[in-house]
Amino acid sequence: MVDTQTVEIAISVNGCDRRLSVEPSDLLIDVLRDRLSLKGTKRSCDVEVCGACTVLVDRLPVSSCTTLAVDVDGRSLTTVEGLDENGRLSRVQQAFVDHAAMQCGFCTPGMVLATTALLEINPKPSEAEIRHFLRGNICRCTGYIKILEAVKSLV
Ligand code: FES
Ligand code: FES
């Protein structure tokens, strides 16, 4: 019989303090989706290539598919569910809607979170800087033009 060790972690998720018992091998994406029911975080490649699983850890984008839950102990996380401002879409979310910067929407949570982080670091990015920052987020639908237009509208 395998003796499973669990580890207690304390994290802030979308402004709520959570204490969880996790296994050392538990991935952050599984904890968010399966334990906390935050299904906005998407799983696609599972190898840190597509950006669908992006969440913010201490306001910076991280691939939750390759991050261990134990490694975010004590950190502050934001998922797409935590972006709304008093029940309204954040300005980044609204810009994506206004510019039809989504088709299937699968990449959108990751794109929106990465864009949110970018604009906090650099409120006036050039197009080249936007393209560079979002290079880790793959969209299979839009051809990126609408996404770029949405982000540029916020600058
Ligand atoms: S599912 Fe994590 S980067 Fe693709
Ligand atoms: S809108 Fe479908 S993958 Fe980006």
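Please refer to the structure higher up on the page.
1. Let's talk about the packing of helix α2 (residues 91-98) against helix α3 (residues 108-121)
Here comes step 1: The interhelical angle for the contact between α2 and α3, taken along N-to-C directions, is 125 degrees, at an axis separation of 9 Å. Accordingly, the angle class assigned to the pair α2 and α3 is oblique. The chirality of how α2 crosses α3 is right-handed. Where α2 approaches α3, its residues Arg91, Val92, Gln93 and Phe96 are matched on the opposing element by Thr108, Met111, Val112, Thr115, Thr116 and Leu119.

2. Topic: α2
Here comes step 1: Residues Val92, Gln93, Ala95 and Phe96 constitute the buried set of α2. Buried residues of α2, viewed axially, fall in a sector of 160 degrees; they line one side.
Here comes step 2: Of the surrounding secondary structure, the elements contacted by the buried residues of α2 are α3 and α5 (145-152).
Here comes step 3: A positive backbone phi angle near 50 degrees is found at Ala100, which sits one or two residues after α2.

Parameters and conventions
Residues numbered from 1 in each chain as written. Chains lettered and ligands numbered in written order. Predicted model: local features only at pLDDT ≥ 70, side-chain atom pairs only at ≥ 80, totals over all residues. Heavy atoms only, no water. Axes fitted to C-alpha atoms, helices over the stretch in contact; angles between N-to-C directions. Helix = DSSP H or I, 4+ residues; strand = E, 2+ residues; numbered from the N terminus. Parallel < 35°, antiparallel > 145°, perpendicular 65-115°, else oblique. Left-handed = near helix turned anticlockwise from the far one by under 90°. Contact = heavy atoms within 4.5 Å. Buried < 20%, exposed > 50% of the residue type's maximum accessible area, 1.4 Å probe, protein only. Arc of directions from axis to C-beta.

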